[in-house]
Amino acid sequence: QLQLGFADPSGVAEKLLRHISQRRLGQPLLLKVDVDNCDCCFVETLLEAGLKPLVIHVEVSPLVPPPLIYRPKEFDPYIQDSME
């Protein structure tokens, strides 16, 4: 089901796991997260909720290249882009 507008990590995890359960689907092969605001918060919440994708695809910022680590401490719905 497509959701337009605001989404928080726990709400997305709940909806996705319910969808997988209702349709008796297995674990996804790919999890792609691109929300422009704390992608890692969404990935972390989904993994903690029990999602076990084979591959996880998230954006890497050229402003913070590996091996540097940057992440907001928590999800903030009022930040449009956490790298600004």
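Our subject is the structure listed above.
Definitions and limits used
Residues numbered from 1 in each chain as written. Predicted model: local features only at pLDDT ≥ 70, side-chain atom pairs only at ≥ 80, totals over all residues. Heavy atoms only, no water. Helix = DSSP H or I, 4+ residues; strand = E, 2+ residues; numbered from the N terminus. Buried < 20%, exposed > 50% of the residue type's maximum accessible area, 1.4 Å probe, protein only. Contact = heavy atoms within 4.5 Å. Areas by Shrake-Rupley, 256 points an atom, 1.4 Å probe, with all protein chains shown as cover. Core = buried A, V, L, I, M, F, W, Y, C linked by side-chain atoms within 4.5 Å. Salt bridge = Lys/Arg side-chain N within 4 Å of Asp/Glu carboxyl O.

Participant: For this particular structure, what's the right way to read the overall build of the chain?
Facilitator: If you tally the helices and strands in the chain, you get two helices and two strands. The helix and strand sequence of the chain, counted from the amino end, reads α-β-α-β. Across the 84 residues that make up the chain, the buried fraction comes to 23%. Summarising the internal contacts of the chain: among those between residues at least 6 apart in sequence, 67% fall at separations of at least 24. Counting only carbon and sulfur atoms, one obtains 57% of the accessible surface of the chain, whose full area is about 6,600 Å².

Participant: Can you help me understand helix H2 (residues 39-48) in this one?
Facilitator: Note: α-helices contain 3.6 residues per turn, so residues at a spacing of three or four share the same orientation. Restricting attention to buried positions, one finds in H2 the residues Asp39, Cys41, Phe42, Val43 and Leu46. On its buried face, H2 sits against helix H1 (9-22), strand E1 (30-33) and strand E2 (55-58).

Participant: Looking at this model, I keep getting lost on the nonpolar core. Mind explaining?
Facilitator: In a soluble, globular protein the nonpolar side chains are often hidden away together inside. Formed by Ala13, Ile20, Leu31, Val33, Cys38, Cys41, Phe42, Val43, Leu46, Leu51 and Phe75, the largest nonpolar core amounts to 11 residues. A total of four residues in this core trace back to one element, the largest contributor, which is H2. Sequence-distant contacts of Leu46, defined by excluding residues within four places in its chain, comprise Val12, Ala13, Leu16, Leu31 and Leu51.

Participant: Help me understand the environment of Phe42, please; the structure alone is not making it clear to me.
Facilitator: Considering the arrangement of structural elements, one finds Phe42 in helix H2. When its relative accessible area of 5% is taken as the criterion, Phe42 is described as buried. Distance in space between the C-alpha atoms of Phe42 and Ala13 is 8.0 Å, their sequence separation being 29 residues.

Participant: Help me understand the pattern of salt bridges in this model?
Facilitator: Working definition: two side chains of opposite charge can pair if their charged atoms are close together. Across all of its chains, the model carries two salt bridges by this definition. The closest approach of N and O atoms between Arg18 and Glu14, which form a salt bridge, is 3.3 Å. Remark: Glu14 and Arg18 occur in helix H1; sequence separation between them is four residues, near one turn of the helix. With a relative accessible area of 38%, Arg18 lands in the partly exposed category. Across the pair Lys32 and Asp34 runs a salt bridge, and its minimum N-O distance is 4.0 Å.

Functional significance is not addressed by these values, which are geometric in nature.
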